[in-house]
Amino acid sequence: MSSLTVRRLIVWVVSFVLGFAVSVLIISSFPILLPSARGVSIQEYGYMYFLVTMVPISLVFVIWLDAVMGTKILPD
């Protein structure tokens, strides 16, 4: 595998791990942002809703990591 392929894999893996972590923090610690709300678990929130929350957040990380690491995933 070339160096570029390894960097691209790293970008995707790190982005989805960060997207998962940020999504869990948003869902479980929502009362910090809005005191009248309560935090929920992924099961209570729903797996499909969690994926719909996590994927766009992960793609934001892909965009930034692509720019920082120069992997050319997105065209210039």
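Please refer to the structure higher up on the page.
Quick caveat, the model's predicted, so the values are computed rather than measured.

Concerning the packing of aromatic side chains
Okay, so step 1: Tallied over the entire structure, the rule returns three aromatic pairs.
Okay, so step 2: On the basis of an interplanar angle of 25° and a centroid distance of 6.1 Å, the ring pair of Trp12 and Phe16 is categorised as stacked. Here Trp12 pairs with Phe16, and both are found in helix α1 (residues 3–28), just four residues apart, close to one helical turn.
Okay, so step 3: Exposure remark for Trp12: the relative accessible area of 34% places this residue in the partly exposed category.
Okay, so step 4: Taking the relative accessible area as the measure of exposure, Phe16 reaches 30% and is therefore partly exposed.

Considering the environment of Ala67
Okay, so step 1: Note on placement: Ala67 falls in helix α4 (residues 47–69).
Okay, so step 2: You can call Ala67 exposed: its relative accessible area is 58%.
Okay, so step 3: Distance in space between the C-alpha atoms of Ala67 and Arg7 is 12 Å, their sequence separation being 60 residues.

Section: the environment of Val17
Okay, so step 1: Checked against the element boundaries, Val17 lands in helix α1.
Okay, so step 2: Residues Val17 and Phe61, 44 residues apart in the sequence, show an inter-C-alpha distance of 9.7 Å.

Scoring rules and cut-offs
Residues numbered from 1 in each chain as written. Predicted model: local features only at pLDDT ≥ 70, side-chain atom pairs only at ≥ 80, totals over all residues. Heavy atoms only, no water. Phe/Tyr/Trp six-rings, centres within 6.5 Å; stacked < 30°, edge-to-face > 60°. Helix = DSSP H or I, 4+ residues; strand = E, 2+ residues; numbered from the N terminus. Buried < 20%, exposed > 50% of the residue type's maximum accessible area, 1.4 Å probe, protein only.

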